[in-house]
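Observations on the three-dimensional arrangement
Here is how the chains run, residue by residue.
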Amino acid sequence: GVFDGTSYSVSAGTPSSNTVSMTRHASIPNYIDAQTFSTLFTTDRWDRPSDPVMNFSIPLAQDNYIVNLYLANYYFATNDPGERVFDIDIEGTVVQSDFDIITEFGNQVGGMLSFPVTLSDGVLNISFLHGLIENPVVSAIEIRALIVDNTSKSVNSESKILSIATSEDEFE
């Protein structure tokens, strides 16, 4: 259901716990150690087809960010390709259409998708849209500031982790 925290809100979805040991996909960055990896994938939030769209609203300063979505499938009825397919929308743009966790990462494998975002309205909106079959699901959301060094003309996205959220935990 709806969750309103102090640092984010979500419009729909059901939190659940996972006791399955996940395999680490190559998409998981090195700064995520084994304990953090395990913690990220012990909970998730999924959205029934009859529920409204699961939309996370996260107030942030107008700036450039990298949004990392941590995703995994551990539900036994969706362990083959094509059994859980949904869309991901960030700031009104579909960034992943017909996303299939099993095809992308495998079953019981925790992986990450990363998207650059320019935020201009002070609220980052991430929606998990009902797709062809089963339910959208997300384990964690990480938002990183995108720092541009005008002197060297380089971009650094690893300078600051703004937040990580799992299920109904507050962002750290």
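Preceding this paragraph is the structure being described.
Residues numbered from 1 in each chain as written. Predicted model: local features only at pLDDT ≥ 70, side-chain atom pairs only at ≥ 80, totals over all residues. Heavy atoms only, no water.

Okay, the sheet that holds strand β5 (residues 43–46) next. Taken together, the 3 strands give an open sheet; going across it, the order is β3-β5-β12, and neighbouring strands pair in antiparallel fashion. Edge positions in the sheet fall to β3 (14–17) and β12 (137–138), since each has one partner strand and no second. The sheet contact formed by β3 and β5 spans 4 bridges and is antiparallel. Paired with S16 across the two strands is D44, which belongs to β5. (Pairing = 2+ DSSP bridges. Helix = DSSP H or I, 4+ residues; strand = E, 2+ residues; numbered from the N terminus.)

With that settled, the discussion passes to the pattern of salt bridges. All chains considered together, the criterion is met by 1 salt bridge. Between R144 and E142 there is a salt bridge, with the nearest N and O atoms lying 3.2 Å from each other. When sorted by exposure, R144 lands in the same class as E142, which is buried. (Salt bridge = Lys/Arg side-chain N within 4 Å of Asp/Glu carboxyl O. Buried < 20%, exposed > 50% of the residue type's maximum accessible area, 1.4 Å probe, protein only.)

On to unusual backbone geometry, then. The backbone phi angle of E91 is positive, close to 55 degrees, even though this residue is not glycine. Turning to its location among the elements, E91 is positioned in the loop between β8 (85–90) and β9 (93–100). The phi dihedral of E134 falls on the positive side, at around 60 degrees, and the residue is not glycine.

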